[in-house]
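Fold and contact review
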Amino acid sequence: MDFFTQRVKIFVKKEAVLCIALVLAGISALFVPPDMAYIEYIDFRTLAILFCLMSVMAGLKKAGVFAWVAQGLLKKVRSSRSLIIILMLLCFFFSMLITNDVALITFVPFTFIVLALLGEQQKRRLVLPVVAMQTVAANLGSMMTPIGNPQNLYLYGKAGISIGSFLALMFPYTVFSLVLLVAWAFWQGGKDTLYINEVSLGAQAESQIKPKAVLLSILIYLSLFVICLLSVGHILPWQMVFVIVLVVVFMMDRQVLTQVDYALLFTFIGFFIFIGNVGRIPVFRDFLQEILTGKEVYTSVIASQVISNVPAALLLSGFTENYTGLIVGTNLGGLGTLIASMASLISYKYIAKEEEGHKGEYLKLFTVSNLCFLAALMLLHIILYYCAALFT
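Residues numbered from 1 in each chain as written. Predicted model: local features only at pLDDT ≥ 70, side-chain atom pairs only at ≥ 80, totals over all residues. Heavy atoms only, no water.

Here we take up the packing of helix α16 (residues 296-307) against helix α20 (residues 359-390). Where α16 meets α20, the axes come as close as 12 Å, and the angle between the chain directions of the two elements is 165°. Between α16 and α20, the crossing angle belongs to the class labelled roughly antiparallel. The handedness of the crossing between α16 and α20 is right-handed. Residues V297, Y298, V301 and Q305 of α16 lie in contact with α20, whose contacting residues are L374, M378, H381 and I382. Class assignment for the residues of the contact of α16 with α20 results in six nonpolar, two polar and no charged. (Axes fitted to C-alpha atoms, helices over the stretch in contact; angles between N-to-C directions. Helix = DSSP H or I, 4+ residues; strand = E, 2+ residues; numbered from the N terminus. Parallel < 35°, antiparallel > 145°, perpendicular 65-115°, else oblique. Left-handed = near helix turned anticlockwise from the far one by under 90°. Contact = heavy atoms within 4.5 Å. Nonpolar A, V, L, I, M, F, W, Y, C, P; charged D, E, K, R; others polar.)

Following the criterion strictly, the structure yields 10 aromatic pairs and no others. Look at F51 and Y262: their rings are 6.3 Å apart centre to centre, the planes differ by 40°, and that puts the pair in the tilted class. Here the residue F51 occupies a position in helix α4 (residues 44-63), and Y262 occupies one in helix α14 (residues 262-278), the gap between them amounting to 211 residues. Residue F51 is classed as buried on the basis of its relative accessible area of 7%. (Phe/Tyr/Trp six-rings, centres within 6.5 Å; stacked < 30°, edge-to-face > 60°. Buried < 20%, exposed > 50% of the residue type's maximum accessible area, 1.4 Å probe, protein only.)

Its 32 residues place the ends of α20 46 Å apart at the C-alpha level, agreeing with the 46 Å of an ideal helix rising 1.5 Å per residue. Restricting attention to buried positions, one finds in α20 the residues Y362, F366, S369, N370, F373, L374, L377, M378, L380 and H381. Where the residues of α20 are buried, they touch α8 (120-141), α10 (163-188), α16, α18 (323-332) and α19 (344-354). (Expected span 1.5 Å × (residues − 1).)

Taken as a whole and judged by the stated rule, the model has three salt bridges. One salt bridge in this structure joins D35 and R280, with 2.7 Å as the shortest N-O distance. Placement of D35 in the loop between α2 (16-31) and α3 (37-41) and of R280 in the loop between α14 and α15 (282-292) is noted, with a sequence separation of 245 residues between them. For R280, a relative accessible area of 37% corresponds to the partly exposed category. As a salt-bridge pair, K62 and D253 come within 2.6 Å of each other at their nearest N and O atoms. Of this pair, K62 sits in helix α4 while D253 sits in helix α13 (residues 238-253), and the two are 191 residues apart along the sequence. Take D253: its relative accessible area is 22%, and that puts it in the partly exposed class. (Salt bridge = Lys/Arg side-chain N within 4 Å of Asp/Glu carboxyl O.)

To continue, consider the environment of Q259. Looking at where Q259 falls in the secondary structure, it is placed in the loop between α13 and α14. Classification of Q259 as exposed rests on a relative accessible area of 54%. Separated by 202 residues in sequence, Q259 and M57 place their C-alpha atoms 9.5 Å apart.

Once that is clear, we can look at unusual backbone geometry. When glycine is set aside, most residues are seen to have a negative phi, and most peptide bonds are trans. Positive phi values are uncommon outside glycine, yet T99 reaches one of about 75°. Tracing the sequence through the fold places T99 in the loop between α6 (80-98) and α7 (100-116). Note on T99: relative accessible area 12%, which makes it buried.

What follows is about the layout of surface pockets. Roughly 1600 Å³ of internal volume is contained in the largest pocket. Ranked by residue count, the leading element in the lining of the largest pocket is α4, at seven residues. Residue classes in the lining of the largest pocket are distributed as 33 nonpolar, nine polar and eight charged. Considered as a void within the structure, the second largest pocket measures approximately 330 Å³ in volume. Contributing to the lining of the second largest pocket are 16 residues, with V297, N322, G325, H381 and Y385 lying nearest its centre. (1 Å grid on protein atoms, 1.4 Å probe; cavity = no way out; pocket = protein on both sides within 12 Å on 5 of 7 lines; lining within 4 Å. Points joined across faces, edges and corners; volume = space filled by probe spheres on them.)

Let's shift gears to the nonpolar core. A general trend in soluble globular proteins is that nonpolar side chains are found buried together. Membership of the largest hydrophobic core comes to 121 residues, with the highest contact counts inside it found for V56, F66, L140, L181, F268 and L332. When neighbours within four sequence positions are excluded, L332 is seen to be in contact with M143, Y173, V301, L374, L377, M378 and H381. (Core = buried A, V, L, I, M, F, W, Y, C linked by side-chain atoms within 4.5 Å.)

Okay, the side chain of S142 next. Relative to the assigned elements, S142 resides in the loop between α8 and α9 (150-159). At a separation of 3.1 Å, a polar atom in the side chain of S142 contacts the side chain of N149. Leaving out residues up to four positions away in the same chain, S142 has contacts with S95, M96, N100, G148, N149 and N152. (Polar contact = N/O pair within 3.5 Å; in protein donor to acceptor, adjacent residues only side chain to side chain.)

Its 19 residues place the ends of α6 26 Å apart at the C-alpha level, agreeing with the 27 Å of an ideal helix rising 1.5 Å per residue. With respect to burial, α6 is a largely interior element, 15 of its 19 residues being buried.

What follows is the structure in structure tokens.
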């Protein structure tokens, strides 16, 4: 019994958001008993595309593609400033295509390897601020595209807008974020010459990728990624894409399918059920609609700080049709607290493992940095809002 209890505690701690989603779904079912309408709650298209993207990214990561790209970019690094910029922008730009959590899982461990090659003094100076800003960069870069993070994929489908419209909506925030990140890197970094042990770095990348041996595998995964994008753009039916990806990945390497974040998929299902049930309870529905109307951006930013931006998107989307406001709000809301974006916990776990004695220092630096970026982007939102009002 003690063993079982311990396992439950570990699971709840590891998958807290999933547990909350299932509990909320269960409580709501007490008010709205299960019926055939429950099936209509679930957005199978979002779940299928999310599964496909996670499977493809897991395959590419296992092939070592991202480490290989990073190793190539770092060959010409000669100053701490350029090193910081590259490590940060790897997360920023890759997160647009491979999602913020995959970008952090890929490049944060790589950062520890690179900084270790600089010597203990340089590593100690750079590791906390660089990892903190990599996390900020991944959360900011991911907001640019519908596939950058789960809530974007979901809200993009709900909004029914074109990819061009989505990109146009988030473009000003993304460009401004890039300017802020580069400015921070110039402030934090220096022009001091760095000497990276390229032999060791090359050996590390070599151990993760053998281009000739896995070229066909990489080409297949890239082809699957293109197919996924066509499904996101409503060019190919999601049902067909789901079957293709599932069959091809299973035949190539079924182990890749174990790397999919199934907890996230079930979290979505739990919130879909909760939202659907709450929408059928007039008192709760009317209350949420009242506090959301006209305040979608601010409400979603605040909600994200408490329950993180993915659950906030799922919850609030059931009570407003201003999905563009939710897109902006949940993306900006990924900044702030450690749980505002669940991807941020990935970096924190690596810091807790590699720099256990500096967890508190990292958390303080992370929070201050996030709040500064959040304040700057909220100011940009206010400016854009009033500028739009002047021309309409």
